[in-house]
Each structure stands twice: as structure tokens, then as C-alpha cells.
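Observations on the three-dimensional arrangement
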4 protein chains.
Amino acid sequence: MIRFECDYAEGAHERILRRLFETNLEQTPGYGEDHYCDQARAYIRDLCRDDSLDVHFLVGGTQTNAAVITAALRPHQGVIAAVSGHINCHETGAVEAGGHKVLAVPSADGKLTALDIRRVYRAHWEDSTHEHMVQPGMVYISQPTENGTLYSRRELEEIWRTCGDCGLLLFVDGARLGYGLMSEGCDVTLPELARLCDAFYLGGTKQGLLFGEAVVLSNPVLKRDFRYIMKRQGAMLAKGRLLGVQYCAMLEDGLYFDLAKRADRLAMEIRRAFEDRGCPMLFDSYTNQQYPILPDEVLEKLEEDFAFAFWSKVDGDHTAVRVCTSWATEERAVKELIRALDRCTGD
Amino acid sequence: MIRFECDYAEGAHERILRRLFETNLEQTPGYGEDHYCDQARAYIRDLCRDDSLDVHFLVGGTQTNAAVITAALRPHQGVIAAVSGHINCHETGAVEAGGHKVLAVPSADGKLTALDIRRVYRAHWEDSTHEHMVQPGMVYISQPTENGTLYSRRELEEIWRTCGDCGLLLFVDGARLGYGLMSEGCDVTLPELARLCDAFYLGGTKQGLLFGEAVVLSNPVLKRDFRYIMKRQGAMLAKGRLLGVQYCAMLEDGLYFDLAKRADRLAMEIRRAFEDRGCPMLFDSYTNQQYPILPDEVLEKLEEDFAFAFWSKVDGDHTAVRVCTSWATEERAVKELIRALDRCTGD
Amino acid sequence: MIRFECDYAEGAHERILRRLFETNLEQTPGYGEDHYCDQARAYIRDLCRDDSLDVHFLVGGTQTNAAVITAALRPHQGVIAAVSGHINCHETGAVEAGGHKVLAVPSADGKLTALDIRRVYRAHWEDSTHEHMVQPGMVYISQPTENGTLYSRRELEEIWRTCGDCGLLLFVDGARLGYGLMSEGCDVTLPELARLCDAFYLGGTKQGLLFGEAVVLSNPVLKRDFRYIMKRQGAMLAKGRLLGVQYCAMLEDGLYFDLAKRADRLAMEIRRAFEDRGCPMLFDSYTNQQYPILPDEVLEKLEEDFAFAFWSKVDGDHTAVRVCTSWATEERAVKELIRALDRCTGD
Amino acid sequence: MIRFECDYAEGAHERILRRLFETNLEQTPGYGEDHYCDQARAYIRDLCRDDSLDVHFLVGGTQTNAAVITAALRPHQGVIAAVSGHINCHETGAVEAGGHKVLAVPSADGKLTALDIRRVYRAHWEDSTHEHMVQPGMVYISQPTENGTLYSRRELEEIWRTCGDCGLLLFVDGARLGYGLMSEGCDVTLPELARLCDAFYLGGTKQGLLFGEAVVLSNPVLKRDFRYIMKRQGAMLAKGRLLGVQYCAMLEDGLYFDLAKRADRLAMEIRRAFEDRGCPMLFDSYTNQQYPILPDEVLEKLEEDFAFAFWSKVDGDHTAVRVCTSWATEERAVKELIRALDRCTGD
């Protein structure tokens, strides 16, 4: 059985583990105040070409989202997100646990538009009893989205401008940011992204680290006392240097991006193979998550040897699945999948 | 200017004020532990024909909803409601302030169906990572809804059965319950309602009291320590007897229901007048809130002498407004409105 | 049985009820946006001699405290209060419900000192892992305290200066502020108080209104969007004009203060009577709450005809009770109490 | 510089890292549903001799405490803890973030007594307005405490019985439980502990793992939906098997306990060395944390070569510090410390 279900089924890139070994007996201060974290912060500031950024390391995505959103909003404010946004549907109400409403906007492809944002903003202020409604305070988007789709630079610029007009903070969930940045479909660079939002993170868990999310804050409101917010959320790792060591290993020579690029390439090979054999895609993704729509009989045969994540029933006899590549996917596995697809589709 | 904007523009029925005068200098214990509250509780239990019910008196609807929902749910649970439900759109996130997500379901007329509820329930449990989603724990409906529409007994029975099947509590917002129960379109009695849910309230603020909502709890889970939940919410009135005195005045001889019935009758006169003159209704309401769709030029003329609540633009030259009657509406005002409508529609 | 247990056992001063009658059928906008509330706001700004103050009307003290504290603090901040502070011991965790810790300081008389505040502040910042501790963000004091004691102008000035030095907001719970301001032991005026804090309230419930607390905000951080915070807390009264009408009735000619002064005078008569007969006071109160320590046999006899609130056992055969006067206390009742005391103490 | 500041300055025992290497490329389900976690659960149930226990793996102590307490309490309930309890003073209000008050009890040695608990319980219920107070719902103790002290079996039994009498859940913070269980001063076994509480955890972070806390739940109320609570708290690790692999490595042959025993032995050597040279201990600890009180001049000299954690000033010229051993402490380091102490104390 070869698994394409998700991008966190294995441990970590070997270099990560070697570095943990090499640094293991060194004594360092706890809670992210060690020199590895400092070095990793410097790498990230360099990559973003902005020395003024604050960088914090957390363990997982849900706690990261909760910490940033809690730091940003006053009690009566909410966060605008796509209905399919991770914070809206797969975090067991962690945002609400912090007292805030997710103002969810339907979206076919998982992306929000500047117009969506403006509409929510206007609907709030135009209501004569707007004080009876949750006030929008922040916009949450994912790059790439939970559907693998990407915001273009122009879209991001429009969203950023709209947020500025409306007094909203912009937060970009980058759990798979590497896969996004290295995609052939992406025209946004990391420094551009860093400039076009108030906060984002450079995901680690799904990009070849054991775990870890590197939060980058540019807005002073968010910077202030962010470590308190982390601690209150239970998101400050005692042996914080584990995060610093891992990010250093990944960023010192660009391994993070090389691994992402390779995974994207393999994903696109898979996409093209499906499309060439007549299987359309549910979403137009150029990143490591692909969503082919398969005849159920083809899917059934494929699933004898391969595991995918079920996504949705498209009609009576077609199903969309998620096929994920990652830093750990072997070329050989992709080739076998394509061969099997040939067999199943009767070519 | 004659106002039909809402049902809380005046003070209270005169009898209420007289009673407050008569009882004013009596010394009673605070916090709802006085004999007036006890008497009012007895009236409500009698009306519901169930001696086992717990009855508590709160000041307003938002605090009542927050208290009941907070009392009902464990931290990871949410409450299913229509998108147009009051808790979802007009309480500034009071439910989220308590840490809970509103699982909002689109609805054309403001009502939830048993099928809606079953779908949300299933979508949660069928997701392979259901622990990553908010767990449905309660269903919130309003009788009548925020659009004036009513649940039939059969609909309520289906919802109640579905909630039982799915392990969900059922909570009925009765801010305008009197107008609902006395409507010509209602086939549910108060004892039936009390039997078909875990909690509901018999609204006072919009039904002729100065303020007040009488929460009725049948489920032991909700009964337990509910007074603590009220106090924590800031919803326990020091001079609680003010609520008891008011409910006694309203319920001792059925005045509460007589006033509601009269308001419903006046609302239906208004509805028929609009319909007879070619103005359709946005919602099929048989209660004190009516939503005629008017040509903008007619609306403009009417608004010289009458105030309505803007509801929505229906198309380029038609607008829906809310026309409310209440315990305080005068027959004369309704007649004048109909006469004015005649003039404006050119009859 | 004559009751001295508390200052909220009766309804309201007769003028309040008359005004509610007179204004009853007037139609006004809801939620505190009516002309009565505006007039009451003007009275309060005049009394404070500061036109820049924001004034909001809420129903009860617990919801008022929760709203102001929630509006003031970021998530990781807490509020410094005396252990005996109302928010710490008698609000069922309403502050914690908003996510904030009460940083409680022991106090013999219910008052905080500038030194107490500085100590909590320093203990936080001097801890090498201060990010692991709740950050002080606000100071909460009551004037008069829950023990009837008063802050002098000088004490308030020191506290205010200390708060400024430490970047802490200062909030004064004024549930019984009238009794405080009119006390012979008080050297702080209302304009001085308004200048020496960021927020306070002029209590109504315990001062002769049916209910109501008038929050006065001077700090722009608190002013911003305070109505949202009120609504989220369930603390925005639909028929808000009921609060405006009541405060107008009380403030238009100083009735609020006259009633408080009278109650203070009666309380001091009671205090002196107890002291003259050898009963010491548990707290040195000059306001409407007195705390005599009585031999248990005397107390037992007194309680045949009078009701007090039990406060604490002082030793094996002495008990401290709270004796409260209010706007409603009759001279005759005080005289009877003193006569009974004479009989019981065997004079 | 040799560091005795804390027990989390290094990475992890070498076996942990080797196991992560060996299992690195295996594909497993995420979120703790893998076979390593299952195996680790089986080890823990065996060690506790109770097959009915639920075991969950979390990353750090603060998130673990928050998750268990949130799972246990209804909104109006609080948790009784010593003032020096970790949840009360070093978690930035994580318990309050969940809406609950810590009912803090002063304690000289960091321990609660059965009598303390009974007093808090009684004070709540005897107050005539108990609904105005936070209701005690759980007791939190640490074994060993934050001061290194230990509960005896008899003390635990009394606390457990008291909790039963009062309807309170008992939760034992075991961040350093291994050091506690293996101490010469401990007469409680793991199966006994598991039987004498509703929930506890077997700490990993401070006991030689990279990170990790294994929560053990016996009470059905806590077991129900605990994974939802973890996820909502942001405490469900995506690559959950990292926790399973580590606990397996530590528990398969008792390494966890061997390392703890060795650290305790070294700590006791240090304690005796200080005591023999006339330095008393601030707390009577038999575990890996020791708190000697040193003349400031001795401390100053020692700190040229050794690092300790400052604890408190004891008087004008004496200071208490914390000296920690751990799984990583070398015998040689302890010998050097003792030699240096000899020099400094002039022997």
C-alpha cells in the first residue's frame, strides 16, 4: 500500500534528525530564547528581506491560528474566512474558544476575494444596529488554500489594500506555504508576501520538519506581548530550541524550498496523468495537493494499492479524492501510481 | 409620525406599572427568591401543565440565550441555528463569547427543518476527523422566527424526535412566544411546546412588560446550578421581584395572551390590506411582524407619516420593510395606515 | 420584623415610578439611544464637570464590571483587586468567564494601597519568566469598599499616579458611590473622582433606582466600541430609556445625593448607638453599611425584631453583622433599633 | 559553567533520538491514532495495573493542565490549588482563558491538605449567597509539588476521600512524576496514584523526552470526548506518533524510572552536601529539585562556575536557590559542585 493521503505521515527529513542528535546534549535556555531560535529568526528575516519582523516558533497550526487571532482581536471582533478555511471547519472551534466568531464566506475554490471582504465589512456597518453584530477585525486566508489553490500577487495586493481601507488586519495561514511559494502557479515571492500582510506563518509540520510553525509578525499590535499570548495558549515549547534547530537545518541552504519544489513537481505529474486520462480536477491546484474526480470503479481498483483521502461525492458514480505529495514522496511511488492508473483506465 | 418599527418602543402595559407602585415599599429577598417570583413560577408551571419545570427570570434575550446555551454545552460543542437566527446575527457574538460556535444553516424563511438538523449531525460524524470539528450539542430555534414564521406542531415533533435521536438538546427562543401562540397560524399549545423541547422562554420585553424573559427548563442537565450560570453571565437581577411582579400581573388572568392576540389581529389586518392592494409578503407570517414588499415610490410616500424597519432591497424598485404591531398599537393607527396605503396605491 | 439586611430590599423612590408612568406611552428608539438617556448623560457630565466623558447605562453591577474589565484588558492581562473585592468573591467568576485572572491582594479593610499595586506590578516584571505570569493590566477598587470604608483623595491620587507609572488602568466600582460621596468621612468630590480614574460608575440599584448603573469612561481605549462590548455581554437593555428616565429623575435636582446623605446620617446614628453601648465596629465605615460586633446573646435578642446580614464570627461569643440603611430606611425604624439595643444591653 | 538551573536544558535521552531515526520513514495515521501510541498506552495501563484507563499524549504541561481542567468543569466551577501551584502562577492565566477561576489556597510547602480542601468547600456552601461565588469543582495538586515536596500515600488517600465527600474531581500534575515516584521519600506507587485520583499525567518533557505529557484518565466524565478538547486547545500533535515512539522507548524496560531514580540520588547527594556544610533547605524535598539557603558570599563564589535558579531572598544576606538534577546530569558535575562548596565554605 502506497499512501498519498496527507503530507504528515512520515517523521522528518533526515537532516533534521541528525541536527537534533548533534545538538542534543548542549544546555540552552528554554522557551525559544536560545541561539538556534535566534539564528532561525535571522534566516527568516533575511528570506523576507525585512529586519523589523518578529518571528516566533510554535508547535502546530491550530494553536498558531488561535494565538495570532486572539492577539489581534478585541472581544467583540470576528475574523473573516472562507467557509472551507481551516479555522472554520477543522479546528474544533479553537477560535470560538478564544471568544471570537468566524465570519464565514462561501467560496467555490477556497479563496476569498477583495470583494467578499468588502461585502462583509459593508454588511456590518450598513446595518442600523451594527453594534448588535460581530465587528470584522481580521481577515484569514490560506496560501495555498485548503484546496491547493493559490492567490496571485495581484489578488493579494487587492486584499491587502481592502484590508487597509477597512481597518482589518490580514493573516495568512502558511501551513503549506513552501509548497505554495515554489509552485509553478505562484507569482508571489516570500518578501512580497511578508509585505502584503500583518502576520503569516512558514509551516514546518507539513513541509518536512517533525513539527513546527514559524509565525512572522509585522504589525506592532500583534508583536506586543505575543509571547504571553503563546504561553496562555499552551503553545510555548519548553525545549524551544528543538524548533530553532529544525528551522535552521531547513533554511540554512534552502532545503525547505527544494523539498517543496520537488513535491510540487511530483504533484503536477500526478495531475497531468489524471487529466491526460480524462479525469478532471475538482480544484485548479498547482501545489502538492491534487483533487482528481474519478469514476468510482477506477477509484475502487486504485485503492487496492494506493491510499487517498476521500474528499466528496461529485455525482452518483464519481468521487473526488485528495492526492498529496510531500518532501517524503518517492519518484518510484508516483510512477507506480501512474502505471496503475493506466491499467485502471484501460489504456 | 406613527411608528410600526418594532415592538419595544413604549414602556409597559399600565397594569404592570400599577403593580410596581403597589408593591414598591415591600421588603423582599433579592435575586429572584421572593414570593412574587414564586407566584409567577407557579402560574407558568400551571400554564404548561407541568409541575416539574424550573422557571427563572432574566432581563433580556441576549443574556438569556447566552445563559441557556452556556449551561447546555460542553466546551467543544456548538449550537445549530438558522443563519437568520438571533444568536447568529444580532447578539455581537455572545454565544462565541462563551466559547461556542454557532453552526449556522441557511434557511429561506428562518425555520430549521428536522432534515437540516440531521444533515449537520451527519456531516459531523461522517467526517473521518470528526474530532477536528465542533460537535453539535444543541439546536436553537425561535417560535415565531425572526421572520414571523411559525413551526407547526408536526414540525416541532419531528425536530424534537430528531434531537432525541441525535443526542441534541432543543432550545426555543420565545422572545415573541405570546404572539406565536395566539396566532391564527399556530397549532401548538404552550403545554405542547413545553413538552417538545428542553428549554424555552416566554418573552416579556416585546410582549408588554418593561423587560423580562421567563426561562422554562425541563431537562435536568440544564436545571442543575442554572442560577450560578445566570450570575456568572451578569443576568441575575438584584431586585428580582420586579420580574416576578410583572409576570404575575400579566399571567394572573391571561392579559399576556389577550394583548398578544390583539396585536396579531391588527398585524393580520395590515397584511391583508397590503395583499389586497397588490403588495406581496416577503415571509408568510401570521404573527405581529409583517414584511410587505412595496414599490419604492409607495414606500416613500408612506414614510412621510409612518415609520417601518427597513428589511431588504428586493429588486431595483421594490423594498421589503418590517411592520410591527404590539400590545401598544392603537386600532386608530392601523386604520390610518390602511387609509394612507389606499391613497398611495392610487385606489 | 424591621429589615436592615441590605440596600436593595424595596423597589424605588416614588419619583422614579411616577416618571415611568408619565413617559410610558412615548415611543422612543431602543438600546439607550433615546433623549432621556441623552439628558441623563448630560447631567452626569455636568456633575463631573467634564464634557468629554462617555456615559453608558447598564442594568446591574456584575455585568457592568465584566463589561468594563473585558473592554480594558488584552487576553493575557489580569485585574488587581482586594481579596474582598466584589469581582473576586461575589460574581461567580464573571471576570474569569471573560478570560481574565483576578490578581487578588489581601486587605484588612477592603482597600488597596498604592504600595500593594506597585508590589504586584513589580513581582510580575521581576520574575525572570514574567511571560509565564498574568500581566497586570488594570486596578479595580470600590468606593466605598464592600466593607463601607472610603479612599481619601490623597489615597486615590497616589493610586492614580501609581497606575500611571505602571501603565495600569484604574476602574472604580461605584455601586454605592452616592453613599460614599455624601459621607462625612469622604473628602473626594465627584469631579475629582472622575479625574482620578479611567472608568467608574454611579450606582443606581442600591441608591434608590429600580435598577441601573451609569458607567463613566474617560480613557479613549475604553470608549472605543463600548456599546459592542455591552451587547456581547447581554448588558444592553432593549428599552434603554427606562434607565435614562430613572437617572434623570434622580439627578435633575440632586435627589440622588439627598437620599444618600440621609441614609449615611441614619447609618452613623446607628454606629454611634452601638459604640456608645460598647459594641465596637469591625470596619471603620462612615457610609450606609455598618458592621457592629455584638455579644451573641444581644444579637439573638435583637434578631427577634430586626434582620441583619450575618458577616463573621469574631470569637466564641461575638458576631459581626452588617446593618444597612438606604434611601428607603425610615427614621422610626432607626429609633426602634436603638431603643431595642438599649433594652438588650440592659441600660 | 555547569548548569543546575532546570531539568529541561538538554534534548533527550539518546535512545529517544535513535528510535525517532529508526521509525522515521514509516507512514502512520496522524493525531495519536498510530500503533506506537497504542503500544505506549498499553505500557502505561500495565504500569498502572488498570486496563480501563484512557491515555492521551500531549506536548506540554500548560496545554495539558488547561485541557484536563476544561474537560472537567462546568462554566461556573473553579479549581482549588495551592497559591504556588503551577496553574496559579506560571501559566499566564491559561485556566482563566478557559473561563475558570483558580481558587488559590496559601501553603507553606506547596502542598494542599484535606482540611484546606474541606475549608474551601465549606466556605462556598455556607455562604448564604453561594450562587454568587465560584463553585469548587476540581482539586489540582502536583506530585511532587513545585517545591519538590511529596504527598504521602496517607495524605493522598485523605485528599481523595475528601474530594469524594465533596463531589470534587482530583487531578494530579505529574510533570515530574517520575522523580516523585522514585524518590526515597515517596511511599506511593503508580497503581496507587492511578487509583487515588480522576486524572494525572506522567510527565515527559522534564524526564528525558524531547517533549510530551501522558495524560491518564479514570473518570468517565473526563474520558468522554477528550480528543475534541485536546484539538480545541491546539494540543493534538499532527505527527502524534512522535509521542508514542518516545514513551515506548522510555517505558519498554523502565528506562524512564531508572533515569529518574539516578537524578533523585544525585539531588540527595547535593542536598546532604549542603546540609553537612551548614546550609539549611528552604523546602524538605527528596526529589530532583533542591532549595538550599546560602550565605550570599558563598552563593556569589559558587556562581562563578555553576548556574542555579534564583528562588527567593530569605534575609539580608541569605538567598535560596533551586538546584536541579535531571536524566542528563553527570556524576562528575555533582562532584565538582560539592568540591566547590567545600572551598567556598572554607573547609
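This text follows the structure it describes.
Not measured: the values here are computed from a predicted model.

Brief notes about the relation of the copies chain A and chain D
Here chain A sits on chain D after a turn of 180° about the axis and a move of 0.0 Å along it, with an RMSD of 0.0 Å. One copy is carried onto the other by what is essentially a two-fold rotation axis. Interface overlap between copies is the fraction of interface residues in one copy that are interface residues in the other; for chain A against chain D it reaches 100%, indicating a shared surface.

Thoughts on the relation of the copies chain B and chain D
Least-squares fitting of chain B to chain D yields an RMSD of 0.0 Å, with the transformation described by 0.0 Å of translation along the axis and a rotation of 180°. Most of the interface of chain B is mirrored in chain D: 100% of its interface residues are interface residues there too.

Notes on the sheet that holds strand 6 (residues 169–173) of chain B
Residue and element names in this part refer to chain B. Spatially, 2-8-7-6-5-3-4 is the arrangement adopted by the seven strands of the open sheet, whose pairing is mixed. Since the sheet does not close on itself, it has two edges, and those belong to strand 2 (54–58) and strand 4 (102–105), each with one partner. Looking at each pair of strands side by side, their axes are set apart by 25° on average, direction ignored. Those strands touched by helix 2 (residues 35–48) are strand 2, strand 7 (199–203) and strand 8 (213–217), and its axis lies near 125° from that of strand 2.

A closer look at helix 15 (residues 331–344) of chain D
Since one α-helical turn is 3.6 residues long, residues separated by three or four positions face the same way. Residue and element names in this part refer to chain D. A rise of 1.5 Å per residue sets the reference length of helix 15, with its 14 residues, at 20 Å; its end C-alpha atoms lie 20 Å apart and thus fit the reference within 8%. Each element contacted by the buried residues of helix 15 is listed here: strand 1 (2–3), helix 13 (255–276), helix 14 (296–302), strand 11 (306–307) and strand 13 (318–324). Gly 346, located one to two residues past helix 15, shows a positive phi value of around 75°.

With respect to the packing of helix 13 of chain D against helix 15 of chain D
Residues and elements named next belong to chain D. Packing of helix 13 against helix 15 brings their axes to within 10 Å, and their N-to-C directions diverge by 5°. Classified by the interaxial angle, the pair formed by helix 13 and helix 15 is roughly parallel. For the pair formed by helix 13 and helix 15, the contact residues are Arg 262, Arg 265, Leu 266, Glu 269, Ile 270, Ala 273 and Phe 274 on the first element and Glu 331, Val 334, Leu 337, Ile 338 and Leu 341 on the second. A class-by-class count of the residues in the contact of helix 13 with helix 15 yields eight nonpolar, no polar and four charged.

Section: the interface of chain A and chain D
Taken together, the 41 residues of chain A in the interface contact 41 residues of chain D. Summed over both sides, the interface between chain A and chain D buries roughly 3,800 Å², with carbon and sulfur atoms accounting for 59% of that surface. The interface formed by chain A and chain D contains zero salt bridges. At the boundary of chain A with chain D, the tally comes to 25 residue pairs in polar contact (both at pLDDT 80 or more). For the side of chain A that touches chain D, the element with the highest residue contribution is helix 1 (residues 14–22) of chain A, accounting for five residues.

What to know about the side chain of Thr 319 of chain D
Residue and element names in this part refer to chain D. With respect to the helices and strands, the residue Thr 319 is situated in strand 13. On the basis of relative accessibility, which here comes to 5%, the residue Thr 319 falls in the buried class. A distance of 2.6 Å separates the side chain of Thr 319 from the side chain of Asp 296, its partner in a polar contact. For Thr 319, the side chain forms a polar contact with the side chain of Lys 313, separated by 3.1 Å. Excluding residues that lie within four positions of it along the chain, Thr 319 makes contacts with Pro 292, Ile 293, Leu 294, Asp 296, Leu 299, Phe 310, Ser 312, Lys 313 and Val 314.

So, helix 2 (residues 35–48) of chain D
Residue and element names in this part refer to chain D. In this model helix 2 runs 20 Å from its N-terminal to its C-terminal C-alpha over 14 residues, within 8% of the 20 Å that 1.5 Å per residue would give. Listed as buried for helix 2 are Tyr 36, Cys 37, Ala 40, Arg 41, Ile 44 and Cys 48. Projected down its long axis, helix 2 carries its buried residues within an arc of 140°, all on one side. Residues of helix 2 that are buried sit in contact with strand 2 (54–58), helix 9 (190–195), strand 7 (199–203), strand 8 (213–217) and helix 12 (241–251).

Remarks on the pairing of strand 6 (residues 169–173) of chain C
All names here are of chain C. Summarising burial for strand 6: five of the five residues are buried, a large majority. Sheet analysis places strand 5 (residues 135–142) next to strand 6, joined by five bridges and oriented parallel. If you follow Met 138 over to strand 6, its bridge partner there is Leu 169. Remark: the strand 5/helix 7 (residues 153–166)/strand 6 crossover connection has right-handed handedness.

What about a nonpolar patch on the surface?
All names here are of chain C. A contiguous nonpolar surface patch, about 220 Å² in accessible area, is contributed by Leu 282, Trp 311 and Val 314. Tracing the backbone through its elements, the reader meets Trp 311 in strand 12 (residues 309–315). Taking relative accessible area as the criterion, Trp 311 reaches 31% and is therefore assigned partly exposed.

Here we look at the state of the cysteines
Residues and elements named next belong to chain C. All told, the structure shown has zero disulfides over all chains when counted by the stated rule. A disulfide-free cysteine, Cys 324 has its sulfur positioned 6.5 Å from the sulfur of Cys 6, the nearest such atom. As a non-bridged cysteine, Cys 344 has Cys 279 as the owner of its nearest cysteine sulfur, 9.9 Å distant.

Notes on the pairing of strand 3 (residues 77–82) of chain A
Note on strand geometry: in a regular strand, side chains alternate between the two faces of the sheet. Residue and element names in this part refer to chain A. The element strand 3 is largely enclosed, with a buried count of six among its six residues. Neither face of strand 3 is left uncovered, since the one carrying Gln 77, Val 79 and Ala 81 and the one carrying Gly 78, Ile 80 and Ala 82 both have all their residues buried. Pairing of strand 3 with strand 5 (residues 135–142) involves four bridges; the strand directions are parallel. Bridging from a neighbouring strand, Val 79 pairs with Met 138 of strand 5. In terms of strand pairing, strand 3 meets strand 4 (residues 102–105) through four bridges, oriented parallel. Within strand 4, the position partnered with Ile 80 by the bridge is Leu 103.

Quick word on the interface of chain B and chain D
Taken together, the contacts link 24 residues of chain B with 24 residues of chain D. A buried area of about 2,200 Å², summed over both sides, lies between chain B and chain D, and 50% of it is on carbon and sulfur atoms. Seen at the junction of chain B and chain D, the total is two salt bridges. Joining chain B to chain D, the criterion identifies 18 residue pairs in polar contact (both at pLDDT 80 or more). Listing elements by their share of the side of chain B that touches chain D, those giving two or more residues are helix 3 (61–72), helix 6 (114–126) and helix 11 (226–232) of chain B. The biggest single contributor to the side of chain B that touches chain D is helix 11 of chain B, with five residues. Of the residues belonging to the side of chain B that touches chain D, the class tally is nine nonpolar, seven polar and eight charged.

Rules used in this analysis
- Residues numbered from 1 in each chain as written.
- Chains lettered and ligands numbered in written order.
- Predicted model: local features only at pLDDT ≥ 70, side-chain atom pairs only at ≥ 80, totals over all residues.
- Heavy atoms only, no water.
- Least-squares fit on C-alpha atoms with pLDDT ≥ 70 in both.
- Contact = heavy atoms within 4.5 Å.
- Pairing = 2+ DSSP bridges.
- Helix = DSSP H or I, 4+ residues; strand = E, 2+ residues; numbered from the N terminus.
- Axes fitted to C-alpha atoms, helices over the stretch in contact; angles between N-to-C directions.
- Expected span 1.5 Å × (residues − 1).
- Parallel < 35°, antiparallel > 145°, perpendicular 65-115°, else oblique.
- Nonpolar A, V, L, I, M, F, W, Y, C, P; charged D, E, K, R; others polar.
- Buried area = accessible area lost by both parts, 1.4 Å probe.
- Salt bridge = Lys/Arg side-chain N within 4 Å of Asp/Glu carboxyl O.
- Polar contact = N/O pair within 3.5 Å; in protein donor to acceptor, adjacent residues only side chain to side chain.
- Buried < 20%, exposed > 50% of the residue type's maximum accessible area, 1.4 Å probe, protein only.
- Arc of directions from axis to C-beta.
- Right-handed = clockwise from strand over helix to strand, strands pointing away.
- Patch = residues over 30% accessible without salt bridge, like charges linked within 9 Å, V, L, I, M, F, W, Y side chains within 5 Å.
- Areas by Shrake-Rupley, 256 points an atom, 1.4 Å probe, with all protein chains shown as cover.
- Disulfide = S-S within 2.5 Å.

Honestly, that's just the spatial picture; any functional story needs more than this.
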